[in-house]
Structure formats: structure tokens, C-alpha cells
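# Understanding the architecture of this molecule
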Amino acid sequence: MSIRIAIGQVNPRLGDLQANLALYEQRIGRAAAENADLLLFPELSLTGYMLRDTVPEVALKLDSPEIKQLMALSRKVAFAAGLVEESADHRFFNSAVYFEDGEIRHVHRKVYLPTYGMFDEQRYFARGDRVRAFDSKFGRLALLICEDLWHPSTIYLAALDGALAVLCPSASPLRGIVDQQIQDDNARYWEMINRVYAETYSLFMIYGNRCGFEDGVGFWGGSEIIDPFGQRLAKARYYDEDFIAVDAGFEAVRRKRTMSPLLRDEDLDLTINELMRIRERPAAKPRLKRRPGWAAKSAKKVL
Amino acid sequence: MIQIPTNTALVRQILVAFIRNEVLKTGLARVVVGLSGGVDSALSAMLAAEALGAKNVLGVLMPYKSSHPDSQAHAEMVAQKSGIESLLVEITPQIDCYFEKFPDADARRRGNKMARERMTILYDQSMRWNALVLGTSNKTELLLGYGTLHGDMASAINPLGDLYKTQVWALSEAVGVPQVIVSKEPSADLWSGQTDEGEMGFAYREVDKLLYLMVDQRYTRAELAGAGFSERFIDDIAARIMNSQFKRRLPVIAKVSQRTIDRDFRYSRDWGK
């Protein structure tokens, strides 16, 4: 099955849902005009990224009018949106929602919320607790949000759960300058793992990153679509708005998996057994090191 | 051999995009920048001209009677080369008027006063011209606290604040800042004969390497010593960074309520933009 995949590399307005809904509508219209079947938007692109205390103000319940509006738009073209989802018990999730034919087909709540260095996500968001592939009219897909993919367990699970393509909405900031490189160091790392994952798990990597600046932090754009052979089918501009669309034949997954049946040979029981063993192993638990001073005294009490 | 990456092509692209994005999203299209004749303000102005178009950048020259004559000539050179408009506002009358009342003020007080006088002029011009004030402080001086709080450190947006002086020099050459400005010895030009390196007691290229390892690469004190830096130098720089932390923060607010600005009232500067 050949489907036309598009990525809307947008620069949303921070904390302005209405402006960003208009942005979505425009890009969805363009995707439909270019006969795209599936459109990916970046992480939190309906709200902006550095939301901080605006998280509860821009959060959407899945039965809200804005979500209904997005559902209606998905009659034109299927798409994945990045937004703040509020659960019935008022937790806020950094979520990606997959819309198709007027319905929500899947919601992924970001599991790995970076909270170090320049990142502060766990202060504002609740953590997702599942990684699941899901069925779409194009075949089985998975949604993993940005930092999720920096933990190889997530793509491993998605692949074993049958995903033929991984959609990755991202809000990846540019950081780190290295000489003789046309992109920043973060972009370099992402491009490496996108390709490695596509080839290793014999699937399509559909990576949608945002652009623009928030409080001086730039997002490097560079959205891309990589096929199971590691070939880059399309690449968006770095550091600027862009829209890309390309035909991707999902039969490439079959060809690649026929040639290298790595997933077929994956020993799930072995992995599960070893993970259970590692979980129970004392060494896997944090050990209290004996240090002079207060640390040694408190360690004794704990023991 | 410690090499601070410069990648001028990429940094130039990022900073031009930064200026364009951060200015335009405020609903304005113009910036004003103080042109001192030095390399930092020259670079800021030229990047802004590239980002916004020369007609949207105003360079303001604000000499004091003791400023080096080269400073004004170099500032005019930058305006000419980049095609931006320039405006001359001498600050001698108001500075001298003030210090007539405090004739015993030392050079540092006078220098700070001049820096703050220039700041008020830039902010006034920014309002007159419907523009943002473009900053020119680099990472080296911000970390060392070698700047005047609410003076040259004040700005709306600053493209150079994450670049060490070494990187500013490299980028300035790539962007085409006149060579005479890139090559000359850095000076705040607050009093005659002042040079940054003379006043601080070390060379920018040396301290930049130390700062790069200490701040960017998070080397420990032992690792820095292992990289060849003297313990005295390491401790001096560490102390300068700690002692100038106040300059890099908003004023301290006494917490009284449940929600205090910048402590538990946290919004991005670009909120709604």
C-alpha cells in the first residue's frame, strides 16, 4: 500500500490555541490539496512548547470543542496532533493524538518527560504509562513523542507490537555547535537514531520537528521520513517553517523484513526472562555507598 | 589543545533566525543598538541588519568626552558597512552635570553611570522608533560579571549572550566586521587607556578556554587542573562567576503569597507570542 505522508513543520504561537488551530487548519488544507493521506504535526504544536504555568490553561479534554473541531478536520486527511491532554482526574499529559475519518484512533501520552538541563517537563506534566502500537486504515502505526525515542525500549516495544511506521512528533531544541557540521549537534544525533531505528526495526520513521524560537531557544526543524532501508525519502529545511509530502510504499517494510527477518527472530521470552532477572537482581537496585560523615550515619539507619 | 567550536556559518544562520523570530513575534520589526566601536556591538548590529534589513536597525553612538576618538570612527564604519542609520547622542553634558555634585567619584562609579546613561538613551530611542533594544553582551563578560547591571547588560534580546569572546571574534570575521575592529584590543572605553584584559588581568582567549571546560563541559576543579590551568586561575574565575550571579538574575523578591513572581508564577517571556 502506498500512502502519501506529509509533515507540517510549523512554528506555533506559545499558549495561543486559537492561532495554532488556524495553523493546523491551514496545513491540513494543504495536505488535502497535495493528496496526502497522513499528516504529522510536531510535539505540542497546538500549544507551543515552553508552556510552564500555562499548561492547565491550554489543556484540552478529549470531549472539548477544539478536539471535536480536529476530529472534523480529520475527514479531509488523517493526522497526528501534539497537544496538552487533560484527563478526567485532572492530570495533564504531553500527548499525541491520532485522528482519522472524524474519530480519535489513538492517544499516546509521553512517557519519558525530560527534566534535566534546559528541560522541565515533569514539573508540569503527568507521565504516560503505556507504549502501544495501534491500527489505522494504513496499517499498524505507533506514536512516540520526542524524548520517548531516546529510550530504546519504546521503539523496541512499538516494533514488537507490530508498527510498520513510527510517527514521532518532536519539539527538539537546537543546541551544541560542532565545527564542520551543517546542523547543530542535537540534529546530528536525531538524524543518526532515526536512521538506525528505521533500519534496525525495518519500519518507517516519520519524524516531525518544529521550528521557531521560544525565549531564545530555537527548534531545529529538519523533519524527515526514513524508509526501512535507511533511505531518506524527504527532508524539511533546518531552522525554518516547511511542509513536506512524499509517497511511501509500505510494501518496503515487507521487502526489508523478507531480506532481514530480524523482528521474526527476536526472542521475546528471552528478553522478558532476562528483564525479570535484572529487575530482581540486587545490583539493579540503588545501593547505598558508605561515605564518611552524615551519609554513612544515615545509611546505617536505613539498613 | 582545547578548541572552542566556532562553526560560524551555522551560528550566523541561528542568530539571524533568532533576531528575526524574536523581534517579529513581538509585533515590532525594528531594533536599536548602541554602537561603541567595539566588536560586540558591531557584530550585533550587522547580524540585525541581515535579519531585519538595514533600514530597520538604528545604531546609536553615545560618546563621552574621554572616549577614544577611534571608537566613534569605528562605530561610523560599522554603520556605513552595514547600511544602517546612525544617531549621535553625546553624553558628556549630563554625566558631567551629575558628577559636579560628586567630584570625588572614582572611575568605576563614573563608568557605571555612563553605561546606565547610555541604557536610558537606548530605551528612549527604542520607544521613539518603535523598536526593541538589541543586546551586545557576550558569554564571557556575562559569566565574569564584567558589565554594568542595568547598563550595557540591559536589553530586550541578546544574540551574543551564548558566545564566548573567542567565538565573537571568529563570527565577526565571517560576517565581515571591519578587520580593524576585530583586531583591536577590547576596551569598555570608560576611561582613557582602559583595556578589558588589562583590567581583568588575563587574556580572553585563555579565560574562554577555562570557561568553556568549566561551564559548557562541566569539568571538575581537578579535571581543570589536569587540563593545565593553575589552581589560582581556576579559583579566581570560579569566584568571579559566583560573585556576579546577582547580575544574571532578577531582583530577589520576598515571598509572601502562595504564588510569587518567578518562583511559582512561571511563564515564558514569549507567553502568547
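Here the structure is a predicted model, which is why all the values come from computation and not from measurement.

## Some remarks on the overall build of chain A
Check the secondary structure of chain A and you find 10 helices and 14 strands. For chain A, whose C-alpha radius of gyration is 20 Å, the value lies close to the compact-globule estimate of 19 Å for 303 residues. The dimensions of chain A, computed from C-alpha atoms along their principal axes, are 70 × 50 × 50 Å. Taking all 303 residues of chain A together, 45% fall into the buried category. Residue pairs in contact within chain A that sit at least 24 positions apart in sequence constitute 66% of those at least 6 positions apart.

## Here's the deal with the overall build of chain B
For chain B, the count of helices and strands is 12 helices and four strands. Scaling as 2.2 N^0.38, a compact globule of 273 residues should have a C-alpha radius of gyration of about 19 Å, and chain B matches this with 19 Å. Dimensions of chain B along its principal axes, counting C-alpha atoms only, are 50 × 50 × 45 Å. By the burial criterion, 41% of the 273 residues in chain B qualify as buried. Within chain B, contacts between residues at least 6 apart in sequence are counted, and of these 72% link residues at least 24 apart.

## What about the sheet that holds strand β3 (residues 78–86) of chain A?
Residues and elements named next belong to chain A. Taken together, six strands build an open sheet; the order of strands is β5-β4-β3-β2-β1-β14 and the sheet is mixed. Strand pairing shows two members of the sheet lacking a second neighbour, β5 (103–109) and β14 (242–249), which therefore form its edges. On average, each strand axis in the sheet is inclined to that of its neighbour by 30°, with strand direction left out of account. In this sheet, strand β2 (residues 38–40) lies alongside strand β1 (residues 2–9) in parallel orientation, the contact comprising three bridges. By the bridge assignment, Ala6 is partnered in β2 with Leu39.

## Side note on helix α6 (residues 185–201) of chain A
Residues and elements named next belong to chain A. Between its first and last C-alpha atoms α6 spans 24 Å; for 17 residues at 1.5 Å apiece the expected length is 24 Å, and the two agree. Listing the buried residues of α6 in full gives Ala187, Trp190, Asn194, Tyr197, Ala198 and Tyr201. Down the axis of α6, the smallest arc covering the buried residues is 100°, so these residues share one side. Buried positions along α6 lie against α5 (152–160), β9 (204–209), β12 (224–226) and α8 (262–265). Immediately downstream of α6, the backbone of Ser202 shows phi near 50°, a positive value.

## Section: the confidence of the model for chain A
This prediction gives chain A a mean pLDDT of 94; 93% of its residues lie at or above 70. The model gives residues 291–303 of chain A a pLDDT under 50, and that stretch makes five contacts with residues more than four places away or in other chains.

## What to know about helix α1 (residues 8–24) of chain B
In this model, α1 of chain B (17 residues) spans 24 Å end to end at C-alpha, consistent with the 24 Å of a helix rising 1.5 Å per residue. Taken residue by residue, α1 of chain B has Leu10, Val11, Ile14, Leu15, Val16, Ala17, Phe18, Ile19, Asn21, Glu22 and Val23 of chain B as its buried positions. For α1 of chain B, the elements touching its buried residues are β10 (213–214) and β11 (217–218) of chain A together with β1 (30–34), α2 (39–52), β4 (131–133) and α7 (165–175) of chain B.

## Let's talk about the packing of α2 of chain B against α7 of chain B
Residues and elements named next belong to chain B. Look at α2 against α7: their axes get within 10 Å of each other, and the N-to-C directions meet at 45°. Looking at the two axes, α2 sits oblique to α7. Taken as a pair, α2 and α7 cross one another with a handedness that is left-handed. Counted together, Val39, Asp40, Ala42, Leu43, Met46 and Leu47 of α2 and Val168, Trp169, Leu171, Ser172 and Val175 of α7 form the full contact between these two elements. Its residues placed into classes, the contact of α2 with α7 shows nine nonpolar, one polar and one charged.

## Remarks on unusual backbone geometry
With phi around 25°, Asn7 of chain B is a residue other than glycine that occupies positive phi space. For Asn7 of chain B, the position within the fold is in the segment before α1.

## Considering the interface of chain B and chain A
Between chain B and chain A, the contact holds 20 residues from the first and 22 residues from the second. Considered class by class, the residues forming the side of chain B that touches chain A number nine nonpolar, six polar and five charged.

## As for the nonpolar core
Phe79, Ala81, Val166, Leu203 and Ile206 of chain A together with Ala48 of chain B are the most contacted members of the largest nonpolar core, which totals 148 residues. When residues of this core are assigned to their parent elements, the largest contribution, 10 residues, is made by α2 of chain B. When near neighbours in sequence (up to four residues on either side) are disregarded, Ala48 of chain B contacts Ile19, Val31, Val33, Val57 and Leu134 of chain B.

## Let's talk about the environment of Asp264 of chain B
Within the secondary structure layout, Asp264 of chain B lies in the segment after α12 (231–243). Assessed through the 11 C-beta atoms surrounding it within 10 Å, Asp264 of chain B is described here as exposed.

## Concerning the sheet that holds strand β2 (residues 57–61) of chain B
Backbone-to-backbone hydrogen bonds pair the strands of a sheet. The strands run either parallel or antiparallel. Residues and elements named next belong to chain B. Within the open sheet, the four strands sit side by side as β3-β2-β1-β4. Their pairing is parallel. For this open sheet the edge positions go to β3 (85–88) and β4, each flanked by a neighbour on one side alone. Pairs of neighbouring strands in the sheet enclose a mean axial angle of 25°, with direction left out of account. Relative to β2, β1 runs parallel, the two sharing four bridges. Bridge pairing in β2 links Val33 to Gly59. Strand contacts of α2: β1 and β2, with the helix running at about 165° to β1, the strand carrying the most contacts.

## Topic: the pairing of strand β13 (residues 232–235) of chain A
Residues and elements named next belong to chain A. Relative to β13, β12 is paired through three bridges, and the arrangement is antiparallel. In the strand pairing of β13, Glu224 is matched with Lys235. Hairpin remark: β12 followed by β13, antiparallel, with five residues in the connecting loop; positive phi at Gly230, about 85°.

## Structural notes on the packing of helix α10 (residues 204–216) of chain B against α12 of chain B
Residue and element names in this part refer to chain B. Remark: α10 packs on α12, axes separated minimally by 11 Å, with the N-to-C direction vectors making an angle of 75°. Between α10 and α12, the crossing angle belongs to the class labelled roughly perpendicular. Contacts between α10 and α12 pair Val207, Leu210 and Leu211 from the former with Phe233, Ile234 and Ile237 from the latter. Across the contact of α10 with α12, the residue classes tally to six nonpolar, no polar and no charged.

## Things to note about the environment of Pro178 of chain B
All names here are of chain B. Mapping Pro178 onto the fold places it in the loop between α7 and α8 (179–183). Spatially, the C-alpha atoms of Pro178 and Gly226 are 38 Å apart, while their sequence positions differ by 48 residues. Excluding its chain neighbours within four sequence positions, the residues that come into contact with Pro178 are Met77 and Lys81.

Rules and cut-offs
- Residues numbered from 1 in each chain as written.
- Chains lettered and ligands numbered in written order.
- Predicted model: local features only at pLDDT ≥ 70, side-chain atom pairs only at ≥ 80, totals over all residues.
- Helix = DSSP H or I, 4+ residues; strand = E, 2+ residues; numbered from the N terminus.
- Rg over C-alpha atoms; globule rule 2.2 N^0.38 Å.
- Buried ≥ 20, exposed ≤ 12 C-beta atoms within 10 Å, placed from the backbone.
- Contact = placed C-beta atoms within 7 Å.
- Pairing = 2+ DSSP bridges.
- Axes fitted to C-alpha atoms, helices over the stretch in contact; angles between N-to-C directions.
- Expected span 1.5 Å × (residues − 1).
- Arc of directions from axis to C-beta.
- pLDDT = per-residue confidence, 0-100.
- Parallel < 35°, antiparallel > 145°, perpendicular 65-115°, else oblique.
- Left-handed = near helix turned anticlockwise from the far one by under 90°.
- Nonpolar A, V, L, I, M, F, W, Y, C, P; charged D, E, K, R; others polar.
- Core = buried A, V, L, I, M, F, W, Y, C linked by C-beta atoms within 7 Å.

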